[in-house]
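Given next are the chains, with one letter for each unit.
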Amino acid sequence: MSLSLLSTGVAAQSYVGIAAGKMSASLKCKNSCQTSATNLKLTGGVDLGSNWSLESQLNIASTMKGAFERINANAESSISHKGIDLAALYRWRLNDKFALFSRTGLAYTSSEVKNSNAGSASTTRYSALKPVIGAGLVYAITPLTYLRGDLEIRQARSDGNNGNITGLSLGIQSAF
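Please read these numbers as outputs of a predicted model, since none were measured by experiment.

### Topic: the packing of aromatic side chains
To describe a pair of aromatic rings, one takes the distance between the centres and the angle between the planes.
1) Next: Under the definition given, this model contains three aromatic pairs.
2) Next: Geometrically, the ring pair formed by Tyr90 and Trp92 is edge-to-face, given 4.9 Å between the ring centres and 75° between the ring planes.
3) Next: Residue class for Tyr90 comes out partly exposed when judged on its relative accessible area of 22%.
4) Next: Put simply, the rings of Trp52, Tyr90 and Trp92 pair up and form one aromatic cluster.

Structure below.
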């Protein structure tokens, strides 16, 4: 009810964005492995006033490969992550061009682990609903187009245990 009262007093502006970057997972290696991957993010949100927004992000990361310690595999394994989150975002406007922001919410992350042991191959999926926090900087290219840089930390179950995924991305956002 309070959201509907807030939305009637404020003209909500929607926005969408796309960003690419790097994410790294807190995975332990047996020998050598890749604990970071490229990440693509799609964002959709709505402004709830001059400082507050509600937004959702879809994250898709490329595959990390290696012999990971907590995964029962002596051979090469691969891990891929996908996730969606819902977060509240608060903006601090520095001037007409720049704004800092912080975001906090919940993220649903799904991880797929493929083991390629000599005799057989197996696939295990893990999923978890965990917190996500982030911060970033926005630069206004035009009044409705922005350059956005994000740093975020989310928890996930990558190998059956809870771990952190840290992401850094740069993208473009457009309001309408």
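### Focus: the pairing of strand β9 (residues 145-157)
1) Next: In this sheet, β9 lies alongside strand β8 (residues 121-142) in antiparallel orientation, the contact comprising ten bridges. Within β9, the position partnered with Ile133 by the bridge is Ile153.

### Thoughts on the pairing of strand β1 (residues 14-25)
1) Next: Burial along β1 is one-sided: the residues Tyr15, Gly17, Ala19, Gly21, Met23 and Ala25 are buried and none of Ser14, Val16, Ile18, Ala20, Lys22 and Ser24 is.
2) Next: Note that β1 and strand β3 (residues 36-47) share eleven bridges and pair antiparallel. From the neighbouring strand, Val16 faces β3, where its bridge partner is Gly44.
3) Next: Bridging between β1 and strand β10 (residues 162-175) involves eleven bridges; their strand directions are antiparallel. If you follow Val16 over to β10, its bridge partner there is Ser174.

Rules behind the numbers
- Starting from 1, residues in each chain are numbered consecutively following that chain's sequence as written.
- Owing to the predicted nature of the model, reporting of local features is limited to residues with pLDDT of at least 70; listing and counting of side-chain atom pairs is limited to 80 or more, with chain, interface and lining totals taken over all residues.
- To obtain the side-chain values, all non-hydrogen atoms of the structure were included, while hydrogens and water were left out.
- When the centres of two rings from Phe, Tyr and Trp lie within 6.5 Å, Trp using its six-membered ring, the rings pair. Their planes under 30 degrees apart give stacked, over 60 give edge-to-face, and anything left gives tilted.
- A simple rule labels every residue: compare its accessible area, found with a 1.4 Å probe on the protein chains alone, to the largest value its type can have, and call it buried under 20%, exposed over 50%, or partly exposed in between.
- Whether two strands pair depends on DSSP finding at least two bridges between them.
- Comment: elements are numbered from the N terminus, with helices defined as DSSP H or I runs of at least four residues and strands as E runs of at least two.

Everything listed here is a matter of coordinates, which is why it stays silent on function.
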